[in-house]
Structures are given as structure tokens and as C-alpha cells.
Amino acid sequence: MKLAFSTLGVPGLPLSDVLRLATTHAYHGVELRAHAEEPVHTGLGEAERADAAAEFKAAGVEVLGIAGYARVAAPGADEPVLAELRALCELARDLGAPYVRVFPGGTEDQRPEEADATAARRLGLAAEHAADVGVRILLETHDSHRSGAAATRVLGTVGHLHVGALWDVMHTWLAGEQPSTSYASLAPYLGYVQVKDIASADDTTPLALGAGVLPLTECVELLSREGWDGWLCWEYEARWYPEAAPLSDQLAAGREHLGRLLNESA
């Protein structure tokens, strides 16, 4: 498996510094948070996109994915969401990223079947554009659809190769799902896996990998046993928890921890 980290853990850090961290600590790739407060977002011009792609190529680091904030199940008109999806797919194409991350984003006011249908419709409509530009849209296990079972209610309806799943192991655990159950649901659609660690269901402040309660060992063992050879991406949510220890000080230990889990499960 290849290892990456998300720039959610180093909010606002210039790309040159992100790449220095990746190369120093032997991470194969980086998931780029796409937001106006970050160096990478959908408002970048053609020259800026080309420069960013060239920086990654020169460093020998892959852009794993573009972490967007489109909410595909949210109430409202389709077109603004579809426009956001198209923009994210084009940004991913321009930076050489194979994946675009999106959220479900359903609300308590919706019936589950209504949220499912809304998300499936929008993802189905966006799938052809994703195919045209050569990227894959991944629905993250998150918010209204945090379990693997909930996410696959949507993905099974879409049924398109350019729409898949991003397994956030924290959210499936918070949903009460065992890793084996999550994997069984998500495996036909799985793009990559986000790993992290937290103290408890009540305290989701990010911790060093292996320092909390999430079943990372079980997840890695399961993926290895099933012969899955995709990406593990450390999503350290520093942007939302400014009191958390800096990710830059933990990347070496995190790389060692994941490497140890992979070796032990081989």
C-alpha cells in the first residue's frame, strides 16, 4: 500500500513546504484540501495549476486526491452542486489527481431515502464528466452516510465506475460498524482509505496514529488479508482542532507506525 497525508493537517502551508514534508518523511502522496484558504482550490488559474502540478512532479510526490466540500445529498437545486463537482473534477485533472473527495451532506429534515436518491442522482449526472476528464469521484463515509452500509445505498444505485467510496475509518467506527462489515460493503467501490486516531467517541481531537481507540491495526490487517493494495491517507484534522499537536512533528512516527502495521500484516 502507498502512504499519504492530507493537507487538512497543515492548514495553509505553502505547497513547497508540504512537498518538503512528504519527501523528508517518505510519504508517496498528498491529499490536497481544496478550499479558498488553501494554496489549492477551484479558483486557481491555468498557469497556477500547471505550476502546482510541476512542483509535485519535480518532487516525485503524487497528488492522491482533491478533497472537496461538495455535499451531494444536501437539499436544494442540483445545478450548483453539479457545477461544484465539475469544477473539482477539472482541478483534479489539471493537477494529475485520480480522485475527488465529496461529502454526503444530508440533513435531519430529509428522509433517508430522499437523501439517498438526491445523492445518487447528482453523482450519476456527474459521473460522465468525471469519466471525460479521467478522474473518479469518491463519496466519503461521513455525516449523514457515515457507515459503509449507508454509503453503498447510494453507490449501488449510481453503478458507475467513475463514482466510488472513500473509507474514513473514524466515521464507520463512530457509526458502530466493525471494520470487516465496512470493508465488505465498500470493497466493490473503494478508492482509498483515510486513517486517523482519536481518544474516544466524545473527544475526536486528532492524536498520533496508534495513540487512540480507532481499530487501525484491524483495518490494515483486513486490507492486507484481502489483497487490497491502494492508498492509506492520514487525515489529521488540525484545521478544526488548533490545540492539537502539530502534524509536522508527527509525520515520521506516523510513517513508522503505518509501516510497522503493514509489515506485521504481510
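Here, every reference points to the structure presented above.
Remember, predicted model here, so these are calculated numbers, not experimental data. (Residues numbered from 1 in each chain as written. Predicted model: local features only at pLDDT ≥ 70, side-chain atom pairs only at ≥ 80, totals over all residues. Heavy atoms only, no water.)

1. Examining the packing of aromatic side chains
Logical step 1: All told, the structure shown has five aromatic pairs when counted by the stated rule.
Logical step 2: Aromatic side chains Phe-5 and Tyr-27 sit 5.3 Å apart centroid to centroid with 90° between the ring planes, which places their arrangement in the edge-to-face category. Here Phe-5, found in strand β1 (residues 2-6), pairs with Tyr-27, found in the loop between α1 (15-24) and β2 (29-33); they are 22 residues apart in sequence, far enough to count as distant.
Logical step 3: The interplanar angle of 85° and the centroid separation of 5.8 Å between the aromatic rings of Trp-234 and Tyr-236 together place this pair among those described as edge-to-face. (Phe/Tyr/Trp six-rings, centres within 6.5 Å; stacked < 30°, edge-to-face > 60°. Helix = DSSP H or I, 4+ residues; strand = E, 2+ residues; numbered from the N terminus.)

2. Observations concerning the pairing of strand β8 (residues 231-234)
Logical step 1: Along β8, one buried face is formed by Trp-231 and Cys-233 and the opposite face, lined by Leu-232 and Trp-234, is buried too.
Logical step 2: In the sheet, β1 pairs with β8 via four bridges, with the strands oriented parallel. Among the inter-strand pairings, Ala-4 is bridged to a residue of β8, identified as Cys-233.
Logical step 3: For strand β7 (residues 190-195) and β8, the ladder comprises three bridges, and the chain directions are parallel. Across the sheet, Val-195 pairs through a bridge with Trp-234, a residue of β8. (Buried < 20%, exposed > 50% of the residue type's maximum accessible area, 1.4 Å probe, protein only. Pairing = 2+ DSSP bridges.)

3. Side note on the packing of helix α7 (residues 179-186) against helix α8 (residues 216-225)
Logical step 1: The contact between α7 and α8 brings their axes to 10 Å, and the two run at 40°. Taken together, the axes of α7 and α8 are oblique relative to one another. Between α7 and α8 lies a crossing of right-handed hand. Packed against α7, whose contacting residues are Pro-179, Ser-180 and Tyr-183, the element α8 presents Glu-218, Cys-219, Leu-222 and Leu-223 at the interface.
Logical step 2: The class makeup of the residues in the contact of α7 with α8 is five nonpolar, one polar and one charged. (Axes fitted to C-alpha atoms, helices over the stretch in contact; angles between N-to-C directions. Parallel < 35°, antiparallel > 145°, perpendicular 65-115°, else oblique. Left-handed = near helix turned anticlockwise from the far one by under 90°. Contact = heavy atoms within 4.5 Å. Nonpolar A, V, L, I, M, F, W, Y, C, P; charged D, E, K, R; others polar.)

4. Regarding the nonpolar core
Logical step 1: Residues Phe-5, Ile-66, Trp-167 and Leu-232 are the most contacted members of the largest nonpolar core, which totals 78 residues.
Logical step 2: Not counting the four nearest positions on each side in its chain, Phe-5 is found in contact with Val-18, Leu-21, Ala-22, Tyr-27, Gly-29, Val-30, Glu-31, Cys-233, Trp-234, Leu-247 and Leu-251.
Logical step 3: Ala-4, Leu-64, Tyr-192 and Trp-231 belong to the second largest nonpolar core, which has eight residues in total. (Core = buried A, V, L, I, M, F, W, Y, C linked by side-chain atoms within 4.5 Å.)

5. Digging into the pattern of salt bridges
Logical step 1: The tally for this structure, following the rule as stated, stands at 17 salt bridges.
Logical step 2: Where Arg-101 meets Glu-140, a salt bridge forms, and the shortest distance between an N and an O atom there is 2.9 Å. Residue Arg-101 is located in strand β4 (residues 99-103), and its partner Glu-140 is located in strand β5 (residues 136-140); the two are separated by 39 residues in the primary sequence. In this pair, the class of Arg-101 matches that of Glu-140, namely buried.
Logical step 3: Several salt bridges share partner residues, and in doing so they unite Arg-101, Glu-140, Asp-168, Lys-196, Glu-235 and Glu-237 into one network. (Salt bridge = Lys/Arg side-chain N within 4 Å of Asp/Glu carboxyl O.)

6. With respect to unusual backbone geometry
Logical step 1: Backbone geometry at Ala-26 places phi at a positive 60°, although glycine is not the residue there.
Logical step 2: Structurally, the position occupied by Ala-26 is in the loop between α1 and β2.
Logical step 3: With phi around 35°, Asp-143 is a residue other than glycine that occupies positive phi space.
Logical step 4: Within the secondary structure, Asp-143 sits in the loop between β5 and α5 (148-158).

7. Looking at the side chain of Gln-110
Logical step 1: Following the sequence through the fold, Gln-110 ends up in the loop between β4 and α4 (112-133).
Logical step 2: A polar side-chain atom of Gln-110 sits 2.8 Å from the main-chain amide nitrogen of Thr-107.
Logical step 3: In this structure, Gln-110 is in contact with Ala-73, Ala-74, Pro-75, Ala-115 and Thr-118, ignoring residues within four places of it in sequence. (Polar contact = N/O pair within 3.5 Å; in protein donor to acceptor, adjacent residues only side chain to side chain.)

8. Let's talk about the packing of helix α2 (residues 46-59) against helix α3 (residues 78-95)
Logical step 1: At their nearest, the axes of α2 and α3 sit 8 Å apart, and the two run at 50° to each other. The angle between the axes of α2 and α3 places the two elements in the oblique class. Each of Arg-49, Ala-52 and Ala-53 in α2 lies in contact with α3, whose residues at this interface are Glu-90, Leu-91, Asp-94 and Leu-95.
Logical step 2: Among the residues forming the contact of α2 with α3, the class breakdown is four nonpolar, no polar and three charged.

Shape is all these values report; function is a separate question.
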